[in-house]
Every structure is written in C-alpha cells, then in structure tokens.
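Read off the chains here:
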Amino acid sequence: MAGRTMTVEELTTILRECAGEDEGVDLDGDILDTEFADLGYESLALLEASGRIEREYDITLSEEALTQARTPRALLEFVNAELRSPDPA
C-alpha cells in the first residue's frame, strides 16, 4: 500500500458507518484533536472501526495504536505510518 494515506474524511465515513454519529457532534468540523469520547465513540465503536480499517487498508494496527489513539489525528498517524511501512518480504 505504499503511497496511500488515509484522510480524515475517510476516517469519519468509517466511524459513521460503524457506529453512527452522536446528535450535536459535527464530524465534518475540525475534529482532529477532539478526543473520541467527546465525539461519542467509546472503545467498542473504535474496535469495530479499527477492524474495518485493517480490512479495507490491508494493514494490522498494533495494540498500542488501539489504546493510545485518543483522537482522530492520533489514529490517522498510526494508520498512515503503517501504510508507509514497507511490506514484509
């Protein structure tokens, strides 16, 4: 997947499709540094979204990524770092 990156728009689409969107939360706004809990996404929703990200982007996210990514920006950094890493031979 070298050269591909995940955008915030792609992430918000996955979040909406996996767990919906809380009333009063605008995922189209500036959410990059807003904690997932404040956006209405708890651990189960994020686990489902991360599973979908892994399948759609053909990557494996580390347990560290799943526990430390508290904001969309942090999750995107983990995902895009994985997308940039060379495929194992």
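Scoring rules and cut-offs
Residues numbered from 1 in each chain as written. Predicted model: local features only at pLDDT ≥ 70, side-chain atom pairs only at ≥ 80, totals over all residues. Heavy atoms only, no water. Helix = DSSP H or I, 4+ residues; strand = E, 2+ residues; numbered from the N terminus. Buried < 20%, exposed > 50% of the residue type's maximum accessible area, 1.4 Å probe, protein only. Contact = heavy atoms within 4.5 Å. Expected span 1.5 Å × (residues − 1). Arc of directions from axis to C-beta. Salt bridge = Lys/Arg side-chain N within 4 Å of Asp/Glu carboxyl O. pLDDT = per-residue confidence, 0-100.

Novice: Which parts of the structure should I look at to understand the overall build of the protein chain?
Specialist: Assigned secondary structure in the protein chain consists of four helices and zero strands. If you list the helices and strands of the protein chain from N to C, you get α-α-α-α. The buried share of the protein chain, taken over its 89 residues, is 36%. Of the contacts made within the protein chain by residues no fewer than 6 positions apart, 61% connect residues no fewer than 24 positions apart.

Novice: Can you walk me through helix α1 (residues 8–19) in this structure?
Specialist: Along an α-helix, residues three or four apart share an orientation, since each turn contains 3.6 residues. Helix length check: α1, at twelve residues, gives a terminal C-alpha distance of 16 Å against a target of 16 Å (1.5 Å per residue), a fit within 8%. Listing the buried residues of α1 in full gives Leu11, Thr12, Ile14, Leu15 and Cys18. Viewed along the axis of α1, the buried residues span an arc of 160°, placing them on a single side of the element. In α1, the exposed residues that point more than 90 degrees away from the buried face are Glu9 and Glu17.

Novice: Please clarify how the environment of Gly3 should be interpreted in this entry.
Specialist: Inspection of the secondary structure puts Gly3 in the segment before α1. Since its relative accessible area comes to 79%, Gly3 is described here as exposed. Between the C-alpha atoms of Gly3 and Ser85, which are 82 residues apart in sequence, the distance is 9.8 Å.

Novice: Explain the pattern of salt bridges to me, please; I cannot follow it from the model alone.
Specialist: Proximity of charged atoms lets side chains of opposite charge pair with each other. As enumerated under the stated definition, the model contains three salt bridges in all. A salt bridge links Arg73 to Asp33, with the shortest nitrogen-to-oxygen separation between them at 2.7 Å. Taken together, the residues span a long stretch of sequence, with Arg73 in helix α4 (residues 72–84) and Asp33 in the loop between α1 and α2 (43–57) at a distance of 40 residues. You can call Asp33 exposed: its relative accessible area is 53%.

Novice: Before we go on, may I ask you to explain the confidence of the model for the protein chain in this structure?
Specialist: Close reading of the predicted structure is inappropriate where its pLDDT is low. Taken as a whole, the protein chain shows an average pLDDT of 87; of its residues, 90% reach a score of 70 or greater. Taking the mean pLDDT of every element in the protein chain, the minimum, 87, falls on helix α3 (residues 63–68) and the maximum, 95, on α4.

Novice: Can you walk me through unusual backbone geometry in this structure?
Specialist: Trans is the prevailing form of peptide bonds, just as negative phi is the prevailing case for residues other than glycine. The backbone phi angle of Asp58 is positive, close to 55°, even though this residue is not glycine. Turning to its location among the elements, Asp58 is positioned in the loop between α2 and α3. For Asp58, a relative accessible area of 63% translates into the label exposed.

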